[in-house]
Every structure is written in C-alpha cells, then in structure tokens.
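Structure assessment
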Amino acid sequence: MKRVLATLFVLLFLFSNCFSQVDPGARQIALARSNVSTSQDVFSIYNNPAGLSSLISREGGIFYSPAPFGIRELSTGSAAFCEPTSIGSFGAGFSVYGFDLYRETSVALAYSRKITSDFSIGITSIYRNISIRNYGSRGFLLFNAGANAKLGSKINLGFIIENATRSSLSNYANQIPVVLH
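Figured I'd write up the structure that's included with this text. (Residues numbered from 1 in each chain as written. Predicted model: local features only at pLDDT ≥ 70, side-chain atom pairs only at ≥ 80, totals over all residues. Heavy atoms only, no water.)

Another aspect to go through is the overall build of the chain. Helix and strand counts for the chain come out as three helices and eight strands. Listing every helix and strand of the chain by position from the N terminus yields α-α-α-β-β-β-β-β-β-β-β. Going through the 181 residues of the chain one by one, you find that 34% of them count as buried. A separation of at least 24 residues holds for 38% of the contacts in the chain among residues at least 6 apart in sequence. When the accessible surface of the chain is totalled, it reaches about 11,300 Å², and 63% of it is carbon and sulfur. (Helix = DSSP H or I, 4+ residues; strand = E, 2+ residues; numbered from the N terminus. Buried < 20%, exposed > 50% of the residue type's maximum accessible area, 1.4 Å probe, protein only. Contact = heavy atoms within 4.5 Å. Areas by Shrake-Rupley, 256 points an atom, 1.4 Å probe, with all protein chains shown as cover.)

Next up, the structure:
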C-alpha cells in the first residue's frame with residue numbers, strides 16, 4: 001500500500017501543471033480552479049466562458065492581488081464585465097500580470113449561449129501580449145472554448161479547452177500549451 005501511495009504521489013507532481021499566475025476571481029482561487037462546471041460569475045470569461053450564460057443581469061468585477069506569497073513581482077490585476085441579452089451573454093475583460101521586467105497583458109472578449117435549459121456553450125478570444133525588458137514584446141491571439149451541462153439537481157459537468165487554436169509565440173511548437181479542464 002505504501003508503494004502505491006508513493007507512486008501516486010510522485011505521478012501527481014510529475015504530471016501537474018505549474019502556473020505562475022492564477023485566473024482572477026476569489027471563487028476561482030478559493031476552489032483552485034476546480035469550479036469549471038460551477039463557474040457562474042463575471043470571471044467565467046477566464047475560467048469557462050459557458051458560465052456567462054447563467055448570468056441574468058449585468059455584472060462587473062475587479063480583481064487585484066498586489067503581492068501573492070509576499071512577492072510584488074507576481075502582482076495580478078483584472079477587470080471583467082458581462083452583459084446578458086436575448087441572443088446570449090457577451091463579456092469583456094482585461095488583465096495585467098507581472099512587473100516592469102516581465103509583463104503579460106490580456107484583453108478578452110467572450111460569447112456564451114444556453115443551448116437548452118441544462119446545456120450551455122461559450123468561447124473566449126484572448127489577445128495576449130508578453131513583454132520582457134531588453135528582449136521586446138510579442139502579441140498573439142488564442143481561443144478558449146467551454147461547455148457546461150447540468151446532469152441533475154446537484155451534479156454539473158464542465159469542460160474547457162484553453163488555446164484551442166494551438167497559438168504559439170514563434171516557430172517553435174508547444175510554447176503555449178493546449179490545456180483541457
């Protein structure tokens with residue numbers, strides 16, 4: 001039994017992704033991004049855009065983390081807005097991560113729609129610019145797509161594919177990973 005647990009522990013750390021920045025939103029951070037299927041607030045634009053279709057009124061949010069882990073260089077600031085309409089929900093967001101030597105800036109636009117009362121889909125287009133002092137900056141466009149399904153009164157199923165277009169910074173493959181949640 002100890003050998004099985006040790007193997008699982010090692011595999012957990014070998015195959016887990018390590019991200020320096022987190023997607024904004026207090027709920028998303030508190031649940032360690034495990035809320036892909038229950039994300040139903042304005043910050044769904046970053047987590048699972050299908051969740052925007054659950055909003056019934058206009059919503060906006062601001063997120064700021066000045067020094068996570070006591071390190072100012074990891075600061076993150078973000079704002080998001082969602083407008084539900086009769087043809088679906090539209091969202092927009094802006095995010096800045098980093099400091100003067102390394103900075104990531106993102107602008108996001110999203111659309112989400114309920115297909116049935118228990119199933120919704122969404123897509124987010126994100127223009128991201130990475131700037132490194134003395135090396136320049138580069139911008140790229142990527143798309144995230146997500147879906148939510150309500151399977152019962154207390155069971156939801158969520159799915160998101162990040163960087164569905166396999167965007168890259170240059171001619172090297174897999175610089176920006178395609179991530180499934």
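Here we come to the sheet that holds strand β2 (residues 76-85). The antiparallel open sheet is built from eight strands, whose spatial order is β1-β2-β3-β4-β5-β6-β7-β8. Lying at the two open borders of the sheet, with one neighbouring strand each, are β1 (59-65) and β8 (179-180). In terms of strand pairing, strand β5 (residues 119-132) meets strand β6 (residues 136-150) through 14 bridges, oriented antiparallel. Of the residues in β6, the one forming a bridge with Arg-128 is Phe-140. (Pairing = 2+ DSSP bridges.)

Let's shift gears to the nonpolar core. By size, the foremost hydrophobic cluster in this structure holds 16 residues, and its most contacted members are Phe-43, Ile-45, Tyr-46, Leu-52 and Ala-80. Among residues more than four places away in sequence, those in contact with Ala-80 are Val-42, Phe-43, Ile-45, Tyr-46, Glu-59, Gly-60, Gly-61, Ala-92 and Gly-93. (Core = buried A, V, L, I, M, F, W, Y, C linked by side-chain atoms within 4.5 Å.)

Among the structural elements, Gly-25 can be located in the loop between α1 (2-14) and α2 (26-30). Given the relative accessible area of 1%, Gly-25 is considered buried. It is 8.7 Å that separates the C-alpha atoms of Gly-25 and Ser-44, two residues lying 19 residues apart in sequence. Setting aside its immediate chain neighbours within four residues, Gly-25 contacts Phe-43 and Phe-63.

Now for the environment of Asn-129. Within the element layout of this structure, Asn-129 appears in strand β5. Taking the C-alpha atoms as reference, Asn-129 lies 9.7 Å from Val-96; in sequence the two are 33 residues apart. Among residues more than four places away in sequence, those in contact with Asn-129 are Arg-103, Glu-104, Thr-105, Ser-137, Arg-138 and Gly-139.

Attention now goes to a nonpolar patch on the surface. On the surface, Phe-94, Val-107, Tyr-127 and Leu-141 cluster together into a nonpolar patch covering about 360 Å² of accessible area. For Leu-141, the location among the structural elements is in strand β6. Note on Leu-141: relative accessible area 44%, which makes it partly exposed. (Patch = residues over 30% accessible without salt bridge, like charges linked within 9 Å, V, L, I, M, F, W, Y side chains within 5 Å. Salt bridge = Lys/Arg side-chain N within 4 Å of Asp/Glu carboxyl O.)

Where β6 and strand β7 (residues 156-162) come together, six bridges link them in antiparallel fashion. By the bridge assignment for β7, Gly-146 is matched with Ile-160. In sequence, β6 turns back onto β7 through a hairpin of five residues.

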